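Structural overview for review
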4 protein chains.
Amino acid sequence: MVVVMEEMAKEDQIQHVISKLIDMSFDVHRSTGVNQTVLGAIGDKRGLDTGILELLPGVHKVVRITEAFKLASRTFHPQDTVIKIRNVTIGGDDLVMMAGPCSVEAQNQISEIAQMVRTAGATVLRGGAFKPRTSPYSFQGLGEDGLTYLREAANKHDMVCVSEVMESSQIPLLTEYVDVLQVGARNMQNFSLLRELGKIRKPVLLKRGMAATIEEMLMAAEYIMAGGNYDVILCERGIRTFENYTRNTLDISAIPVVKKLSHLPIIADPSHATGRRDKVPPMARAAIAAGADGLIVEVHQDPEKALSDGAQSLYPEQFEHLMGELRIIAKAVSKKW
Amino acid sequence: MVVVMEEMAKEDQIQHVISKLIDMSFDVHRSTGVNQTVLGAIGDKRGLDTGILELLPGVHKVVRITEAFKLASRTFHPQDTVIKIRNVTIGGDDLVMMAGPCSVEAQNQISEIAQMVRTAGATVLRGGAFKPRTSPYSFQGLGEDGLTYLREAANKHDMVCVSEVMESSQIPLLTEYVDVLQVGARNMQNFSLLRELGKIRKPVLLKRGMAATIEEMLMAAEYIMAGGNYDVILCERGIRTFENYTRNTLDISAIPVVKKLSHLPIIADPSHATGRRDKVPPMARAAIAAGADGLIVEVHQDPEKALSDGAQSLYPEQFEHLMGELRIIAKAVSKKW
Amino acid sequence: MVVVMEEMAKEDQIQHVISKLIDMSFDVHRSTGVNQTVLGAIGDKRGLDTGILELLPGVHKVVRITEAFKLASRTFHPQDTVIKIRNVTIGGDDLVMMAGPCSVEAQNQISEIAQMVRTAGATVLRGGAFKPRTSPYSFQGLGEDGLTYLREAANKHDMVCVSEVMESSQIPLLTEYVDVLQVGARNMQNFSLLRELGKIRKPVLLKRGMAATIEEMLMAAEYIMAGGNYDVILCERGIRTFENYTRNTLDISAIPVVKKLSHLPIIADPSHATGRRDKVPPMARAAIAAGADGLIVEVHQDPEKALSDGAQSLYPEQFEHLMGELRIIAKAVSKKW
Amino acid sequence: MVVVMEEMAKEDQIQHVISKLIDMSFDVHRSTGVNQTVLGAIGDKRGLDTGILELLPGVHKVVRITEAFKLASRTFHPQDTVIKIRNVTIGGDDLVMMAGPCSVEAQNQISEIAQMVRTAGATVLRGGAFKPRTSPYSFQGLGEDGLTYLREAANKHDMVCVSEVMESSQIPLLTEYVDVLQVGARNMQNFSLLRELGKIRKPVLLKRGMAATIEEMLMAAEYIMAGGNYDVILCERGIRTFENYTRNTLDISAIPVVKKLSHLPIIADPSHATGRRDKVPPMARAAIAAGADGLIVEVHQDPEKALSDGAQSLYPEQFEHLMGELRIIAKAVSKKW
């Protein structure tokens, strides 16, 4: 940590900061310049609240020098994490396509979609059984029945499946049915849930909160990893900005940033980011072109009748066409699938 | 709902939209202008996803005309909700001052602070026992011991107390110890938790998520109220913006906006919004001047040694001085306490 | 325009709004529903301030039904605008690559870079002569000398050139030297400048302000077009959000949105958006994959010594490599160059 | 400046950074810790682009230690700047109330309003003659006639007056008629204009851009001051955020932040921030409670007929009532007027 003193800081203010740092078990190096004094504090304190130092008299600013996350950091784990679930590979040079309806609505609905997206190139089937809805008056999902149908459809079409877990108490149920547990954007900082997910041994798909910084997303991954579950797949799904023509703003630049900071795989969700079907293919192409390890896309055989998120669900033929475009782009970024 | 067609929309597109609306059980009124056709859809569908209509060919935009929330709306409940907990009144013409440390750290710590803030004018004691921390390596709270100390301190100093609930499974425990259950900003859209809080009969202090719109905050209140628990206290605690000199940007204008849209009381949290002690008093004064029903403020007898959030905790004498300033401002807004 | 009355609006409030609308020369259609009244106001008033109506007693909300822009709208001009400048085509099925240093620094510097980027595939040479700098103490550009060197370099290497105009008084000078005049992000709503640019007959490259909505960008284009200059090239260059790992957030989704709303070409500037060289190639690829009509990229033969923006300038060999990747992606989006 | 190396940085990377810093004429102090090396670079380089250093191999981050602004900084000028214009005092312990219509519309309109606001307590008359409008089809102001009427009204009612300057060429005209020249939010980073305003000797009212950080606002003030014009009045007028119930979000916390960083006076504009008349009084009260040195408020004798911004203009009786509330709040913050 580096503590920069104000240009006019007095000697007793500097001494007070030094003794505080020593109280906190830091070693202190002092540089006295013509205009300003800078204190280097050496010691490993990842959980420290630097705010207290910032408010000491005479302090201009405090700068953390170690990253707040460690297990998720590429510094200590330079190779890409590659997650294998049966015949599906996530991370490294592979692209993974996850697709399916927003909600599992019925046994034949999910099975039909599974077949369509599998044929087009998806290997992971998505489908919600417990739905976080902004309105208490909206459809809330089929619950365990939904999970049963999802599992059956995945098995039938030789796919892996993923579904959202909304709270800790649902973890045992989800673990029984699905291969990957998804944490929704609104739960990215539900620390109780993250901690419990650290105890299981199935991959977690962690969606970025719509107001979360990239560093906070990596800290959320760190929560899961700190419990011993290292198989975390990150997912950029749009951040909230002043622009509201699209529902959220898909932060494509987060993809290369995460690739540099972390070894974890990162995919993109163009469906939730844009909220509009016609914007999904361009944003899907952009994410892959920027280096994402895959996509999670909503597809529905009859979007106008979908019980949730119909407006952002692709028609199966649109999904198939998109897969064709992505096969070309994959070559430009040396990815295969 | 109003569906505005594009200026160039064709007749068959208009007919398709009309038949869709009728399928959805709306009555439809059509206005054909020189340039554009507008369709009025009459019917009460609060949970409807309007996105599907927006993507139909020829549609320019779709405008909801009913508010998405109902129980929280002032339209159907013009008088202010006033919540009474023993000798404390929240809402209406009364101001309520909630104060205390970020975390309960020890029995004597919380008791000492209780005495100080009670003397200065606070009637509700705050203190966290379960702490949502960005880093898994930071102090996570004392748990049930913390609640015990909090309750004792509140009783001893004739105060009401509030503490944060992080997940549904903690509700019974919290209910046993505290008078008001707080939902933190990161959990504002934890719908499972909100639904469970709708089933209890204790007031809930609902903090605005840092990326939540005012309407989403009211929808979150609606979740709790839909379960039959009408005692919801809203709390503005800062939103995330591009400005990062302060931790978040306290959206003071949300206070008069909420006052117009809803009958629920709204207080402000200047401590978490700014993250810096020296900015707390000006923002506290601003919130009261804008019409807030009260404040929740962090106070600590020795902030430099606090186990969490020390940088934003006021010294007791600062809190006392602030209370004096607020007594003047209260007159300007016709509030008493 | 549609005026939605509150659910509890009284008849005299409704009558007051109707008479206001008639005063404003609108024809009014009234729909009275069980819960709510909706008024349709027919008439073409693009410059109207709807705020006045919103504040009338009993009004719930006012919804514009016509777009605020007209000349820039695809509704009235369905075919893409294609701009031809000698052998360079911008818009339609063509991709255009604009490249060069942030600032023109010396005669041989700009000539060397021109040759390098021309060989790699760029046909438009960029280079600033008047620099808008956040600090008054930073390098402010070479002025007219810079323009002379830019023009010479463009001619020598058979390129078209673009440079930024900072205020109306510079228009004659710029017009003499360059083929395309650039309006910087900070000037996107400098309406005096826009109006003057409407009077010239050279293409204008209009960069999106970092806090401008897509609609505001189209309104800024409308200002130029309203003066009779229809050759406007839009440029997405990043918006300001809470995320500050990258300098701004390149809003890739603005590209397909603009393509739908407007017939004007849109390119992307990955250099200013990210502010970091290593993030330029992924964002450049993403923009083309999303359907952009081209790019404007900063390239410098010795970025570590550049007088401005060195951190975001590509090395010539990075630019060349990027062009190779883009030739693959171009096929996926049916573009050629 | 402090350069923090990555935890895994190699010795030759560290040496390369050191030699770069020496090339840039910095003195370098090196601290080698167990995990990380930190380099302190001593020297005064306010205009330096630190980005180049950030991208050198092995660099983790670069931290500026000197503020980017100097003349505007309180560090070198601890006492408040107090500006006197005839009988009006801006800054220090005084509050200043600026009020008037958005646009000067006619001779008697501005004179009538002047009388009303003067009686209620305003001493500075505002009124636009050149209007920056988002739409080219909206009312653009009366030009020089407007300035004449504004000056006459101010003289008649013993007031000082302020009006907006939109470009450098208008400076001589504005200087002739008004006491304070206003720079609008959209021009806050129009550096050509700022530089020209540095050459005059009349106070400048500088509005914060809606996407400008506090530091950028102070840098814009620095541009004016660097030219020798030290009388800059800052104005917080709302920033753009995701919340769009109000037009912008008045960043009240910017007031105490500016008070700490700078000696310049800062006022608030609650009218443009909120865009809605009913939100102006609460936000005006909040700004004063937070420590602002005054307000600029739009008032119109018949807002429903105003040619611009009618929705946000107060009725004269509302303004008068607000002044009464502010006289109470002023006591709480030890201000007088």
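Residues numbered from 1 in each chain as written. Chains lettered and ligands numbered in written order. Predicted model: local features only at pLDDT ≥ 70, side-chain atom pairs only at ≥ 80, totals over all residues. Heavy atoms only, no water.

What to know about the domain arrangement of chain A
The assigned domain composition of chain A is domain 1 (2-63) and domain 2 (83-332). Averaged C-alpha coordinates put domain 1 of chain A and domain 2 of chain A at centres separated by 44 Å. (Domains from an automatic or database assignment.)

Here's the deal with the interface of chain B and chain A
The accessible area lost on association of the parts is a frequent measure of interface size. Chain B puts 49 residues into the contact, and the matching count from chain A is 50 residues. Both sides of the chain B and chain A interface together cover about 4100 Å² of buried area, and 53% of this is carbon and sulfur. The largest contributions to the chain B side of the interface with chain A come from Leu55, Tyr137 and Glu304 of chain B, which together make up 16% of the buried area. The interface formed by chain B and chain A contains six salt bridges. Across the pair Arg276 of chain B and Glu54 of chain A runs a salt bridge, and its minimum N-O distance is 3.6 Å. Connecting chain B to chain A are 10 residue pairs in polar contact (both at pLDDT 80 or more). Put simply, the parts of the chain that give the side of chain B that touches chain A at least two residues each are helix H1 (11-23), helix H2 (51-54), helix H6 (191-197) and helix H7 (214-226) of chain B. A total of five residues in the side of chain B that touches chain A trace back to one element, the largest contributor, which is H7 of chain B. Taken together, the residues of the side of chain B that touches chain A break down into 19 nonpolar, 14 polar and 16 charged. (Contact = heavy atoms within 4.5 Å. Buried area = accessible area lost by both parts, 1.4 Å probe. Salt bridge = Lys/Arg side-chain N within 4 Å of Asp/Glu carboxyl O. Polar contact = N/O pair within 3.5 Å; in protein donor to acceptor, adjacent residues only side chain to side chain. Helix = DSSP H or I, 4+ residues; strand = E, 2+ residues; numbered from the N terminus. Nonpolar A, V, L, I, M, F, W, Y, C, P; charged D, E, K, R; others polar.)

Re the sheet that holds strand E3 (residues 37-42) of chain C
For sheets, the rule is that strands pair by backbone hydrogen bonds, running either parallel or antiparallel. All names here are of chain C. Strand order in the open sheet made by the four strands is E2-E3-E1-E4, with antiparallel pairing throughout. Each of the sheet's edge strands pairs with one partner strand only, and the pair in question is strand E2 (27-32) and strand E4 (59-63). Here the strands of the sheet are splayed against their neighbours by 20° on average, with no regard to which way each runs. Across three bridges, the pairing between strand E1 (residues 2-5) and E3 is antiparallel. Its bridge partner being in E3, Val3 is matched across the sheet by Leu39. Packed on one face of the sheet, helix H1 (residues 11-23) meets E1, E2, E3 and E4 and runs near 155° to E2. (Pairing = 2+ DSSP bridges. Axes fitted to C-alpha atoms, helices over the stretch in contact; angles between N-to-C directions.)

Some details on the side chain of Glu164 of chain C
Residue and element names in this part refer to chain C. By the element assignment, Glu164 lies in strand E9 (residues 160-164). Looking at Glu164, the relative accessible area reads 10%, which means it is buried. When sequence neighbours within four positions are dropped, the list of residues in contact with Glu164 reads Phe130, Pro132, Leu174, Gln182 and Gly184. (Buried < 20%, exposed > 50% of the residue type's maximum accessible area, 1.4 Å probe, protein only.)

Here we look at the pairing of strand E10 (residues 180-183) of chain A
Residue and element names in this part refer to chain A. Residues Val180 and Gln182 point to one face of E10 and Leu181 and Val183 to the other, with burial holding for every one of them. One ladder, built from three bridges, connects strand E9 (residues 160-164) with E10; its direction is parallel. Its bridge partner being in E10, Glu164 is matched across the sheet by Gln182. Following the backbone out of E9, through helix H5 (residues 171-177) and into the adjacent parallel E10, one traces a crossover that is right-handed. Of the pairings in the sheet, the one linking E10 to strand E11 (residues 204-207) comprises three bridges and is parallel in character. Bridge pairing links Leu181 to Val204 in E11. (Right-handed = clockwise from strand over helix to strand, strands pointing away.)

Things to note about the interface of chain D and chain A
Across the contact, 25 residues belong to chain D and 25 residues belong to chain A. Summed over both sides, the interface of chain D with chain A buries roughly 2300 Å², with 63% coming from carbon and sulfur. At the boundary of chain D with chain A, the tally comes to zero salt bridges. The interface formed by chain D and chain A includes zero residue pairs in polar contact (both at pLDDT 80 or more). For the side of chain D that touches chain A, the secondary structure elements donating two or more residues are strand E1 (2-5), strand E2 (27-32), strand E3 (37-42) and strand E4 (59-63) of chain D. The element that contributes the greatest number of residues to the side of chain D that touches chain A is E4 of chain D, accounting for three residues.

Focus: the pattern of salt bridges
Throughout the structure, instances matching the rule amount to 81 salt bridges over all chains. Its salt-bridge partner being Glu243 of chain A, residue Arg208 of chain C comes within 2.8 Å of it at the nearest N-O pair. Note that Arg208 of chain C is positioned in the loop between strand E11 (204-207) and helix H7 (214-226) and Glu243 of chain A in the loop between strand E12 (232-236) and helix H8 (254-261), a pairing that runs across two chains. We note a salt bridge from Arg151 of chain B to Asp179 of chain B, for which the minimum N-O separation is 3.1 Å. Within this pair, whereas Arg151 of chain B is found in helix H4 (residues 144-156), its partner Asp179 of chain B is found in the loop between helix H5 (171-177) and strand E10 (180-183), the two being separated by 28 residues in sequence. On the accessibility criterion, Asp179 of chain B (8% relative accessible area) is buried.

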